[in-house]
Amino acid sequence: MSSMSIPAPSITSSPYFTSLITLFLLVVLLGAGGAAYPGFLSLQVMFNLLIDNAFLLVIAVGMSFVILSGGIDLSVGSVLALTTMVCAYMLQAWHWNPLLVIAIALAIGTVFGAAQGALIHYFKLQPFIVTLAGMFLARGLCYLISINSITIEDPFFVAMSQTQLPVGDCFISPGALIAVALLAAAVYVAHCTPFGRAIYAVGGNEQSALMMGLRVARTKVLIYAFSGFCAALAGVLFSFYMLSGYGLHAQGTELDAIAAVVIGGTLLSGGYGYVAGALTGVLVLGSIQTLIAFDGTLSSWWTKIVIGGLLFIFCVVQRVMTMRGNKK
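Nothing here was measured: the structure is a model prediction, and the numbers come from that model.

A. Inspection of empty space enclosed by the protein at higher detail. Inspection of the entire model under this criterion finds one cavity of 30 Å³ or more. Around the largest cavity, the lining residues are Val79, Leu82, Thr83, Val86, Ala105, Ile108, Gly109 and Phe112. Those elements that place two or more of their residues in the lining of the largest cavity are α4 (76–94) and α5 (98–122). Considered class by class, the residues forming the lining of the largest cavity number six nonpolar, two polar and no charged.

Written as structure tokens, this is what we have:
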């Protein structure tokens, strides 16, 4: 009696394959840096990766939710810049309480994102076009406040900028801890709550999600509201980091966030990915920047060149995996 053998699934067909590639790439980058440059693998350098990229990690977390739902948000960098301008102006011109200023800035970002989500869903508009308009709008609003950089001298913001929380002989910034805490909360929401399951369902097939009785409209508006909140929170962290508000802050950050999310293993087509992959993607980008800084002879533009090449490779890998899945 003969029996048909079922071939074992290949690791390349596993849904977490791109995440494994990213993790392997991160290990290779860190290993190469450690072999080439003394001190590269020191604990403080690793902490600096988080400190310098805390704002990008926060934006990437919000972008992960958007891309998982099958959308895109090009407005996040401009919302970050607008947040720095709002905070700087309220603190320097009106001398408002810094906690109140932060609350107002976060509310503005959340409402801005929710409005974009409502336009996308109720008017059946493409996320690319809506958020592109949002990008121009938020960047333009910066220059209505001021065409020049506004220095932040508020004692609370200065204290947050200068605070170094000791970890053994090293230190980490409050902004980095906020970013990690947000990531942990987002991972829980995405994988352990009905809202998280709804995000994956909408990204997988919106019509099927509607037929299942899911509240698609509510989900999409909340997704973009969360992305706007993350962009505003990143703006607050960037204000701590730079101690200034400026309309030219964070140009191109939205593209860095998209690159980090895709490199972290989230499919651009939506419906699959890990929010935790945003951290891996950000660390890969940060490691490339740090390697170039340690080298000292390469132009900073090599960072963009390498990131562009990596993004191209990961998009091709994702496409091949998608085609294999469709054949099955």
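B. Quick peek at the packing of helix α1 (residues 17–36) against helix α13 (residues 277–295). The N-to-C vectors of α1 and α13 enclose an angle of 25°; their axes lie 10 Å apart at closest approach. Viewed along their axes, α1 and α13 adopt a mutual orientation that is roughly parallel. Taken as a pair, α1 and α13 cross one another with a handedness that is left-handed. Taking contact as the criterion, the partners of Thr22, Leu23, Leu25, Leu26, Leu29, Leu30 and Gly33 in α1 are, on α13, Thr280, Gly281, Leu283, Val284, Ser287, Ile288 and Leu291.

C. Inspection of the layout of surface pockets at higher detail. Within this model, the largest pocket holds a volume of roughly 500 Å³. Along the wall of the largest pocket there are 19 residues; nearest its centre are Asn53, Phe55, Asp256, Gln289 and Lys304. At the level of elements, α3 (54–68), α11 (216–242), α12 (253–263), α13 and α14 (301–327) are the ones that each hand at least two residues to the lining of the largest pocket. Across the lining of the largest pocket, the residue classes break down as ten nonpolar, six polar and three charged.

D. Layout of the packing of aromatic side chains. If you walk through the whole model with that rule in mind, you get eleven aromatic pairs. Measuring from ring centre to ring centre gives 5.0 Å for tryptophan 94 and tryptophan 96, while their planes differ by 40°; the resulting arrangement is tilted. Look at tryptophan 94 and you get partly exposed, because its relative accessible area is 43%. The partly exposed category is assigned to tryptophan 96, whose relative accessible area is 34%.

Here is what the cut-offs are and how they apply
Residues numbered from 1 in each chain as written. Predicted model: local features only at pLDDT ≥ 70, side-chain atom pairs only at ≥ 80, totals over all residues. Heavy atoms only, no water. 1 Å grid on protein atoms, 1.4 Å probe; cavity = no way out; pocket = protein on both sides within 12 Å on 5 of 7 lines; lining within 4 Å. Points joined across faces, edges and corners; volume = space filled by probe spheres on them. Helix = DSSP H or I, 4+ residues; strand = E, 2+ residues; numbered from the N terminus. Nonpolar A, V, L, I, M, F, W, Y, C, P; charged D, E, K, R; others polar. Axes fitted to C-alpha atoms, helices over the stretch in contact; angles between N-to-C directions. Parallel < 35°, antiparallel > 145°, perpendicular 65-115°, else oblique. Left-handed = near helix turned anticlockwise from the far one by under 90°. Contact = heavy atoms within 4.5 Å. Phe/Tyr/Trp six-rings, centres within 6.5 Å; stacked < 30°, edge-to-face > 60°. Buried < 20%, exposed > 50% of the residue type's maximum accessible area, 1.4 Å probe, protein only.

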